[in-house]
Amino acid sequence: QVQLVESGGGLVQPGGSLRLSCAASGSISSVNSMGWYRQAPGQQRGLVAVTTSGGMTMYADFVKGRFTISRDTAKNTLYLQMNSLKPEDTADYYCQVGMVGGDYWGQGTQVTVSS
């Protein structure tokens, strides 16, 4: 069993920054990828950024140049640094781990960008 706990969400003004964290614990092995997804009210959950075990990172076009995904393997923690936040970035953000045995999701952390 794998547990993922996100933190770092909150209310921020447009142009501000937040750093999300995702702490993974449990039976973590053979990780293929770790990523961040988001879901705004009334919309489907979609990819924000992902990093693979091979060192590749991918970003959704709407966050390129503003968000940075990183991973601390020793701490089993995934991060998402979000800069230049826009109101349209408002959503619940979810951490996801893809392993050989399956995919796991955190419970989400809410990000609200508003003045």
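For clarity, every value in this text was computed on a predicted model and none was experimentally measured.

Visitor: How should the overall build of the protein be read in this particular structure?
Guide: Counting its regular elements, the protein contains zero helices and 11 strands. Of the regular secondary structure in the protein, the N- to C-terminal order runs β-β-β-β-β-β-β-β-β-β-β. Computed over the C-alpha atoms, the radius of gyration of the protein is 13 Å, within 12% of the 13 Å expected from 2.2 N^0.38 for a compact globule of 115 residues. Considering only C-alpha atoms, the protein reaches an extent of 40 × 25 × 25 Å along its principal axes. Looking at the protein residue by residue over its 115 residues, the buried ones come to 41%. Considering only intrachain contacts with a sequence separation of at least 6, the fraction spanning at least 24 residues in the protein is 54%.

Visitor: Quick question: what am I supposed to make of the pattern of salt bridges here?
Guide: Any two side chains of opposite charge can pair if their charged atoms end up close together. This model, assessed by the stated rule, comprises three salt bridges. In this structure, the salt-bridge partner of Asp89 is Arg38, at a minimum N-O distance of 2.9 Å. Here Asp89 is found in the loop between β8 (77-82) and β9 (91-99), whereas its partner Arg38 is found in strand β4 (residues 31-39), with 51 residues between them in sequence. Asp89 gets classed as buried once you look at its relative accessible area, which sits at 0%. Residue classification places Arg38 among the buried residues on the basis of a relative accessible area of 12%. A salt bridge links Arg66 to Asp89; the nearest nitrogen and oxygen atoms lie 2.7 Å apart. A residue pair is termed long-range when its members are at least 10 positions apart, and Arg66 in the loop between β6 (57-59) and β7 (67-72) and Asp89 in the loop between β8 and β9 qualify at 23 residues. The two residues Arg66 and Asp89 agree in class, both being buried. Salt bridges sharing common partners tie together Arg38, Arg66 and Asp89.

Visitor: Got a minute to help me understand the nonpolar core in this structure?
Guide: Nonpolar side chains tend toward joint burial in soluble globular proteins. Judged by nonpolar contacts, the single largest core of 28 residues is most densely connected at Trp36, Val48, Phe67, Leu80, Met82 and Tyr93. For this core, the elements supplying multiple residues, two or more each, are β1 (2-7), β3 (18-26), β4, β5 (46-52), β7, β8, β9 and β11 (109-113).

What counts and what doesn't
- Residues numbered from 1 in each chain as written.
- Predicted model: local features only at pLDDT ≥ 70, side-chain atom pairs only at ≥ 80, totals over all residues.
- Heavy atoms only, no water.
- Helix = DSSP H or I, 4+ residues; strand = E, 2+ residues; numbered from the N terminus.
- Rg over C-alpha atoms; globule rule 2.2 N^0.38 Å.
- Buried < 20%, exposed > 50% of the residue type's maximum accessible area, 1.4 Å probe, protein only.
- Contact = heavy atoms within 4.5 Å.
- Salt bridge = Lys/Arg side-chain N within 4 Å of Asp/Glu carboxyl O.
- Core = buried A, V, L, I, M, F, W, Y, C linked by side-chain atoms within 4.5 Å.

The values are spatial; any link to function lies outside them.
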